[in-house]
Amino acid sequence: MNRVSDAIVVEGLRHCYGGLDVLKGVSFTVHAGEVFGILGPNGAGKTTLSSILTSQLRPTSGSVSLLGLDPVSKGGELRRRIGLVGLEHKQDGLIGSYSEGMKRRLNVALSLVHDPEVVFLDEPTSGLDPLGRRQVWKAIWELKASGKTLLLTTHYMEEAEFLCDRIALMDRGVVAALGTPSELKARMGTGKIIEVGIEASAELVDEVSRLIPEGRVYRSMGLNIVTGDPEPALQRIMKRFISDPGYGGTRILLREPSLEDVFLELTGRSLKEESRASEGENMKSPAPPEEKTGSSWNPFRHFHE
Ligand SMILES: Nc1ncnc2c1ncn2[C@@H]1O[C@H](COP(=O)(O)OP(=O)(O)OP(=O)(O)O)[C@@H](O)[C@H]1O
Ligand SMILES: [Mg+2]
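### Points about the overall build of the protein
Assigned secondary structure in the protein consists of eleven helices and 13 strands. Taken over 305 residues, the protein has a buried fraction of 35%. Restricting to contacts in the protein with at least 6 residues of sequence separation, those with at least 24 account for 67%.

So this is what it looks like as structure tokens:
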């Protein structure tokens, strides 16, 4: 039984292009007024899913209810009640002189002219520099504050974490996990992560596993060790790497688990594809809020364009 306050209900959704299964039974519910994120790497099926929800693509099977309506049979009515933010724009006149971030903010604004109830944003900040990204985040934050339901697809974990109430981690056509950012990170247990900034061989992973038998060692962007008791492990790691001339100057840091760690743990794959790694490096986490007071919290109140 769906709740009246559910804006989107997706059940057992499958899609194939030719013989290729790209959605393999996707189910989730988006509550009215929430920002729901679909976070996944290239080819996860995010755009396919979003195209089905917005009645631009007919699913192979499964059911979708958007504002209580079926996008296949009620596409016309739904298009008047949803906002689609196209990232293309005209390269002319005044608009042409805007920064990319401003153009996308304008696109977000234009998608709202007919006061839609649900707004779809497919990779709204892909390819933007940090300033442009913040400009788009500000527009999205304003949308959220105005009470719209938002479905946002992204491959940036910081973006999903910063903007979304709940996130579906998507990989190869399936939802690997779903929850609030803190619920998802809680799946890593109480452990902290020691990150060693080196490209590790399988042999080195084995060696470090023997060195830290109480921890879990795996390769991510560097060599990661998850452990509930980081201090003694950190000492052994420092001794191992700092005394070895081959690793002089290696960055070693201790941090909380991120959504990237959760994704890697669940799927064995990184959110960051090779082709996007350099772009991802420009990505800076937003400054932490100084105070958080219920729904009036606005992380952009000190933000000036
Ligand atoms: N029109 C199409 N015909 C055939 N295959 C397609 C088509 N569109 C997408 N695919 C394939 O379906 C899979 C999912 O693609 P989709 O675009 O939904 O992923 P995505 O998560 O949006 O990826 P990205 O991060 O690159 O935008 C990919 O393997 C893609 O190559
Ligand atoms: Mg896509």
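### Comments concerning the site of ligand 1
Tyr17, Leu20, Val22, Gly40, Asn42, Gly43, Ala44, Gly45, Lys46, Thr47, Thr48 and His155 make up every residue found near ligand 1. At the level of elements, strand 2 (20-31) and helix 1 (46-53) are the ones that each hand at least two residues to the shell around ligand 1. Among the elements that line the shell around ligand 1, the one with the most residues is helix 1, at three residues. Partitioning the shell around ligand 1 into residue classes produces four nonpolar, seven polar and one charged.

### What to know about the sheet that holds strand 3 (residues 35-39)
One open sheet accounts for six strands, arranged 5-6-7-3-8-9; its pairing is mixed. In this open sheet, the two strands that pair with only one neighbour each are strand 5 (82-84) and strand 9 (174-179). For this sheet, the mean angle separating the axes of adjacent strands, direction not counted, is 15°. Taken together, the five bridges between strand 8 (residues 166-171) and strand 9 define a ladder with antiparallel strand orientation. Within strand 9, the residue paired with Asp171 across the bridge is Val174. Contacts between helix 5 (residues 130-145) and the sheet are confined to strand 3, strand 6 (118-122) and strand 7 (149-154), with strand 7 contributing the most and set at about 150° to the helix.

### Comments concerning the sheet that holds strand 13 (residues 252-255)
Pairing in this open sheet of four strands is antiparallel, and the strands run 11-12-10-13 from one edge to the other. If you trace the sheet from one side to the other, it starts and ends with strand 11 (216-219) and strand 13, each paired once. Neighbouring strand axes in the sheet, compared pairwise and without regard to direction, differ in orientation by 20° on average. As paired strands, strand 10 (residues 192-196) and strand 12 (residues 223-227) are joined by five bridges and run antiparallel to one another. Residue pairing across strands places Glu195 opposite Asn224, the latter belonging to strand 12. Where helix 9 (residues 230-242) meets the sheet, it contacts strand 10, strand 12 and strand 13, and its direction lies at approximately 5° from that of strand 10.

Each value, and the rule that gives it
- Every chain is numbered independently, its residues counted from 1 as its sequence is written.
- Here the convention is simple: chains get letters from A, ligands get numbers from 1, in the order in which they are written.
- Confidence filtering applies because this is a predicted model: local features only for residues at pLDDT of at least 70, side-chain atom pairs given and counted only at 80 or more, and all residues used for totals across whole chains, interfaces and linings.
- By definition, any uninterrupted DSSP run of H or I lasting at least four residues is a helix, any uninterrupted run of E lasting at least two residues is a strand, and each is numbered from the N terminus.
- Think of it as a crowd count around each C-beta: if 20 or more other C-beta atoms lie within 10 Å the residue is buried, if 12 or fewer it is exposed, and in between it is partly exposed, with C-beta placed from the backbone throughout.
- Once C-beta atoms have been placed from the backbone, residue pairs whose C-beta atoms lie within 7 Å are recorded as contacts.
- Nearness is defined per residue: the C-beta atom, placed using the backbone, must lie within 6 Å of the molecule or strand.
- Throughout, the ten residues Ala, Val, Leu, Ile, Met, Phe, Trp, Tyr, Cys and Pro are labelled nonpolar, Asp, Glu, Lys and Arg are labelled charged, and all others, Gly among them, are labelled polar.
- One requirement defines pairing of two strands: DSSP has to find at least two bridges between them.
- Angles shown run from 0 to 180 degrees and are taken between the N-to-C directions of axes, each axis being a line fitted to C-alpha atoms and, for helices, limited to the stretch in contact.

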